[in-house]
Structures are given as C-alpha cells and as structure tokens.
Amino acid sequence: MSWYSHLPLRYAGAALDVCRYMQEALRVSGEAGGSGAAPPVRSRMRRSTYRALADLRAEFQRTMSEPPSISRRATAWWPAVIALEQVMDAITATALAVSRGGVRLPESGVGQVCDALRAVGEAAATGSALAHAPELPDDETLRPVTDAVRALLGVLGTGERLTV
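Residues numbered from 1 in each chain as written. Predicted model: local features only at pLDDT ≥ 70, side-chain atom pairs only at ≥ 80, totals over all residues. Heavy atoms only, no water.

This part takes up the nonpolar core. With 44 residues, the main nonpolar core has Tyr-11, Met-22, Leu-84, Leu-117, Val-149 and Leu-152 as its most contacted residues. For this core, the secondary-structure elements that each account for two or more residues are helix H1 (3–30), helix H2 (38–64), helix H4 (78–101), helix H5 (107–126) and helix H6 (143–156). Of the residues forming this core, the biggest block, 11 residues, is contributed by H1. (Core = buried A, V, L, I, M, F, W, Y, C linked by side-chain atoms within 4.5 Å. Buried < 20%, exposed > 50% of the residue type's maximum accessible area, 1.4 Å probe, protein only. Helix = DSSP H or I, 4+ residues; strand = E, 2+ residues; numbered from the N terminus.)

In structure tokens:
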C-alpha cells in the first residue's frame, strides 16, 4: 500500500470515530442527568477518538517527511485535519455543557450532524467530491458543533475531491 492511501483512509476513519463519539456523548449527556454506567463509556470513547485524531495527525506528519512531490500534495489535508479536531473539541464542550444543564438535544439534529460527518468520511475514503453541503440543524444548543462542522465543510468545499 502506498502513502497515498494512508492519509485519506485514516481521515475517513477519524471522521467516523468523531461521529460515533458524538452520538454517544450527546445522547448520554441528554439523558436524566447522564448518570449510571454511561459516563465511563463516554470517557473511553472520547479518549479513543482523540487517539484516532492523534494517529491522523501522526500520519499527516509522516507523509510530510516524504519527498517534496508527495508532501506538497499532502499539505492540502492540514486544514481538514485541524477542522476535524475542532469539531471534536466542540462536541466535547457541548456534551459537558449539556450534562451540567440537563438539556435534551434533539436526536434529529445530532443525526444531521452525524450524517454530515459520514459524508465527509465517505468522500475521503473514496476520493470523491462532496456533492453538496449537507443540511445542518438550527438548534441553539448544538450551535457550537454545527458551526465547527460548517467550518469543516467550508475547508473541504463542495465539488472538490478529497484526494491529494
């Protein structure tokens, strides 16, 4: 397998990990106080997802050590890597805020955001373009997450391939 396939697949995997963490963290934190066995599960998922993001960053750095003809093309991924990390940070902050406030997030809104992350992951894995910007919810509690996902989508752009 060449260097070329590592970065897109690692990115796709990290995007799906962020999606899974978001589903758990925002579902769990919206339930009756977020008590019981769920917080340890959420904590393990958060650590695992941040580890996947660290692995993605390491793969990017490894690719940057390749000859210039390869590393120049890989630089296009850096803004997308940072934007995905910012999405994860927004999810973590929102989950904490929601768990403290006892607010229940709309499942449909969390689903829409996750659909957008899945579309990003699929486009990265297949080297295809995002056909259009996925629809995102207009929920005040989810605003930090949706703003971060909008920024990620803005970095990626629509109609542009995610390969380097």
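Let's shift gears to the packing of H5 against H6. Across the interface, H5 lies against H6 with an axial gap of 11 Å and an inter-helix angle of 25°. Our classification of the angle between H5 and H6 gives roughly parallel. Judged by the sense of rotation from one axis to the other, the crossing of H5 with H6 is left-handed. Together, Val-113, Ala-116, Leu-117 and Val-120 of H5 and Val-145, Thr-146, Val-149, Leu-152, Leu-153 and Leu-156 of H6 make up the contact between the two elements. Of the residues belonging to the contact of H5 with H6, the class tally is 9 nonpolar, 1 polar and no charged. (Axes fitted to C-alpha atoms, helices over the stretch in contact; angles between N-to-C directions. Parallel < 35°, antiparallel > 145°, perpendicular 65-115°, else oblique. Left-handed = near helix turned anticlockwise from the far one by under 90°. Contact = heavy atoms within 4.5 Å. Nonpolar A, V, L, I, M, F, W, Y, C, P; charged D, E, K, R; others polar.)

It is worth spelling out the pattern of salt bridges at this point. All chains considered together, the criterion is met by 8 salt bridges. Close ionic contact of Arg-62 with Glu-59 constitutes a salt bridge, the shortest N to O distance being 2.8 Å. Of this pair, Arg-62 and Glu-59 both sit in helix H2, 3 residues apart, roughly one helical turn. The class of Arg-62 is partly exposed, set by a relative accessible area of 31%. (Salt bridge = Lys/Arg side-chain N within 4 Å of Asp/Glu carboxyl O.)

This part takes up the packing of H4 against H6. The contact between H4 and H6 brings their axes to 8 Å, and the two run at 170°. In terms of axis orientation, H4 runs roughly antiparallel to H6. Facing H4, whose interface residues are Pro-79, Ala-80, Ala-83, Leu-84, Gln-86, Val-87, Ala-90, Ile-91 and Thr-94, H6 presents Pro-144, Val-145, Ala-148, Val-149, Leu-152, Val-155 and Leu-156. Looking at the contact of H4 with H6, its residues break down into 14 nonpolar, 2 polar and no charged.

Our focus in this paragraph is the side chain of Thr-94. Looking at where Thr-94 falls in the secondary structure, it is placed in helix H4. Among all residues touching Thr-94, those that are not within four sequence positions of it are Leu-26, Thr-141, Pro-144 and Val-145.

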